Amino acid sequence: MTVRVQENDFDPTTELDALCAGRDDIGAMVSFTGLVRGGDVSEMTLEHYPGMTEKALEEIEREARNRWPLQGVTIIHRVGPLAPGARIVFVATASPHRAAAFEAAEFLMDFLKTRAPFWKKEATAEGARWVDARESDGEAASRWTREKS
Amino acid sequence: MTVRVQENDFDPTTELDALCAGRDDIGAMVSFTGLVRGGDVSEMTLEHYPGMTEKALEEIEREARNRWPLQGVTIIHRVGPLAPGARIVFVATASPHRAAAFEAAEFLMDFLKTRAPFWKKEATAEGARWVDARESDGEAASRWTREKS
Amino acid sequence: MKLLYFAWLRERIGVGSEDVSPPEGIETVRQLVDWLKTREPRYDHAFAETAAIRVAIDQEQADFDAPIAGAREIALFPPVTGG
Amino acid sequence: MKLLYFAWLRERIGVGSEDVSPPEGIETVRQLVDWLKTREPRYDHAFAETAAIRVAIDQEQADFDAPIAGAREIALFPPVTGG
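Throughout this document, residue positions are counted from 1 along each chain, in the order its sequence is written. Key to labels: chains lettered from A, ligands numbered from 1, both in the order written. Given that the model is predicted, a residue must reach a pLDDT of at least 70 before its local features are reported, and side-chain atom pairs must reach 80 or more before they are shown or counted; all residues, however, enter totals for whole chains, interfaces and linings. The side-chain figures draw on all heavy atoms in the structure; neither hydrogens nor water molecules are used.

Q: Can you help me understand unusual backbone geometry in this one?
A: Among all residues except glycine, the phi angle is most often negative; among peptide bonds, the trans geometry is most common. Positive phi, close to 50°, is recorded for Asp58 of chain C, a residue that is not glycine. Of note, Asp58 of chain C is situated in the loop between strand S3 (54-57) and strand S4 (60-62). Look at Ala7 of chain D: it is not a glycine, yet its phi comes out positive at around 55°. The topology assignment puts Ala7 of chain D in helix H1 (residues 7-13). Put simply, DSSP marks the helices as runs of H or I at least four residues long and the strands as runs of E at least two long, and each gets a number from the N terminus on.

Q: Sorry, what's going on with the sheet that holds S4 of chain C here?
A: Residues and elements named next belong to chain C. Between any two strands, at least two bridges found by DSSP are needed for them to pair. Spatial strand order, S2-S1-S5-S3-S4: five strands in an open sheet with mixed pairing. Looking at the sheet topology across the chains shown, the edges are occupied by strand S2 (17-19) and S4. Taken over all neighbouring pairs, the strand axes of this sheet differ in orientation by 25° on average, direction set aside. Where strand S1 (residues 2-5) meets strand S5 (residues 73-77), four bridges bridge the pair, whose relative direction is parallel. Bridging from a neighbouring strand, Leu4 pairs with Ala75 of S5. Its contacts with the sheet put helix H2 (residues 29-39) on S1, S2, S3 and S5, and the angle it makes with S5 is roughly 70°. Only the stretch in contact is used when a helix axis is fitted, and all axes are lines through C-alpha atoms; the angle between N-to-C directions ranges over 0 to 180 degrees. Only heavy atoms matter for contacts: two residues are in contact if any of them lie within 4.5 Å across the pair.

Q: Would you take a moment to explain the interface of chain A and chain B for this structure?
A: Interfaces are often sized by the amount of accessible area the parts lose when they come together. Taken together, the contact pairs 38 residues of chain A with 38 residues of chain B. Once two parts are put together, the accessible area they lose, assessed with a 1.4 Å probe and summed over both, is termed the buried area. Summing both partners gives a buried area of about 3000 Å² for chain A against chain B, and 51% of it is carried by carbon and sulfur. On the chain A side of the interface with chain B, the three residues burying the most area are Arg37, Arg98 and Phe102 of chain A, jointly 24% of the side's total. The term salt bridge refers to a pairing of a side-chain nitrogen on Lys or Arg with a carboxyl oxygen on Asp or Glu at a separation within 4 Å. At the junction of chain A with chain B, the criterion picks out six salt bridges.

Q: Sorry, what's going on with helix H2 (residues 52-67) of chain A here?
A: Given 3.6 residues per turn, any residue in an α-helix points the same way as the ones three and four places further on. To estimate the expected span of a helix, count its residues, drop one, and scale the result by 1.5 Å. In this model H2 of chain A runs 23 Å from its N-terminal to its C-terminal C-alpha over 16 residues, within 8% of the 22 Å that 1.5 Å per residue would give. Along H2 of chain A, the residues that are buried comprise Met52, Thr53, Ala56, Leu57, Ile60, Glu61 and Ala64 of chain A. Burial classes follow relative accessibility: with a 1.4 Å probe on protein chains only, a residue under 20% of its type's maximum area counts as buried, one over 50% as exposed, and anything between as partly exposed.

Q: In this structure, what is going on with the pattern of salt bridges? I would like to understand it.
A: For side chains of opposite charge, pairing can occur when their charged atoms come near one another. Under the defined criterion, the tally for this structure stands at 36 salt bridges over all chains. In this structure, Arg115 of chain A and Glu59 of chain A form a salt bridge, with 3.8 Å as the shortest nitrogen-oxygen distance. Taken together, the residues span a long stretch of sequence, with Arg115 of chain A in helix H3 (residues 98-115) and Glu59 of chain A in helix H2 at a distance of 56 residues. Note on Arg115 of chain A: relative accessible area 30%, which makes it partly exposed. Overall, Glu59 of chain A belongs to the partly exposed group, its relative accessible area being 31%. Within the structure, one salt-bridge network assembled from shared partners comprises Arg98 of chain A together with Glu106, Asp110, Asp137 and Arg143 of chain B.

Q: Would you mind showing me how to read the relation of the copies chain A and chain B here?
A: Each copy of the chain is related to the other by a rotation around an axis and a translation along that axis. Relative to chain B, chain A is turned by 180° and slid 0.0 Å along the rotation axis, the superposed coordinates differing by an RMSD of 0.0 Å. Such a combination of rotation and displacement between the chain copies is what one expects of a two-fold axis. Mapped onto chain B, 100% of the interface residues of chain A are again interface residues, and the two copies thus contact each other with one and the same surface. Superposing the copies works by least squares over the C-alpha atoms of residues that have pLDDT at least 70 in both of them.

Q: How do you make sense of the interface of chain A and chain C when you look at a structure like this?
A: Listed as interface residues are 26 residues of chain A and, on the opposing side, 20 residues of chain C. For the chain A and chain C pair, buried surface summed over both sides reaches about 1800 Å², with 55% attributable to carbon and sulfur atoms. Joining chain A to chain C, the criterion identifies two salt bridges. Linking Arg10 of chain C and Glu47 of chain A is a salt bridge whose minimum nitrogen-to-oxygen distance equals 2.4 Å. The term polar contact refers here to a pair of N or O atoms within 3.5 Å; inside protein, the definition further demands a hydrogen-donor-capable atom paired with an acceptor-capable atom, and it admits residues adjacent in sequence only when both atoms are side-chain atoms. Linking chain A to chain C there are 13 residue pairs in polar contact (both at pLDDT 80 or more). When residues of the side of chain A that touches chain C are traced back to their parent elements, those giving at least two are strand S3 (41-48), H2, strand S6 (87-95), H3 and strand S7 (118-124) of chain A. Considering each element in turn, the side of chain A that touches chain C owes the most residues, five residues, to H3 of chain A. When residues are grouped by polarity, Ala, Val, Leu, Ile, Met, Phe, Trp, Tyr, Cys and Pro land in nonpolar, Asp, Glu, Lys and Arg in charged, and all others, Gly among them, in polar. For the side of chain A that touches chain C, the class distribution of residues is 14 nonpolar, four polar and eight charged.

Okay, here's the thing in structure tokens:
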């Protein structure tokens, strides 16, 4: 299990290799990489709540492991200023089977987006603005509760 | 769009970087990496149908693009002998939004497993055996037809 | 008791954290926020819409009716937008 | 007409490809396979269970009732197991 909050960029291959290092019982690894979208955004700044962030990510990771047979989970979230096209977030899962790896990665992203204390501020030509929470993210997260009930 | 059948290994970071190179309108990239599982398997050999394989993969890719707003798709499948732990297959999708990237990657894998002409042969201490097609793979692929009808 | 503010809440209040000693009778997060609003206009402005504000007590998500007795660290912030 | 065999079908027949000239009256894949089975025991063994065999005509998936007239390349193989 790897949970990291960092300013620096990360390398997907290094993270995927670490996830399956030294074992040969993993059949499937799924990764999600979130990127800064440009358009009218010239820079994105990520603020977070040190201490709580790591706790929240570890709790999300624990929930995923309770639901799926996972052999490894990696969650990396960058903070600070990021240029368009830059990687923001990385989530990877390892499992014997692909359905579990896919579902768990999607679950991790849905919960990360609604429960982990990160906030995005966009710089544009008209000034800076805080990104509003999207209703669709809340809906995406709540479907995992509905499905289980 | 990248579709490759090759004996050599590949590098996930290189492939993901190529998928989003020179643009900043991609918000989400999902990758799937399939690995050779060990256990009683000492080596896995992948046979394929040159010519048809590429066509089948390109058709699968086209179908995914018809269903989801994808900005890029990469499909790489290795052939020849592979050791336990080795990468076999890589599928990556790029989209403005994560749900499309996740669904399309899962769709690509389900269809690749049931439509692309690859065959696996496992070497074990008791000899070599051809892997049987799994019924669950057929079910996974057919759910995409049901959902659309 | 340490209060933490994030994102636009931090910007409106003007500080990221501060130590406060709420008077007796302030027992819930809601009462704490109402008390803060009486202190200075910047708090009133920041907390104008409490529906848009989330709270964590000692780094665990909580709600506005949660008791604050014994809390070391209370964080107030807008809905999260990471990922 | 070129025939291609893959995986255990290739192993049972002993070659990966061969050129054949089916006699007149062989119009579908099923008839082609039935004709092959009459040639030598190794074909009979390979095609014992046609339910477990898939076919592609000129690199497109087809079924056993598909006509073979005009086909350049017919491939016979077990269900695929890649990915």
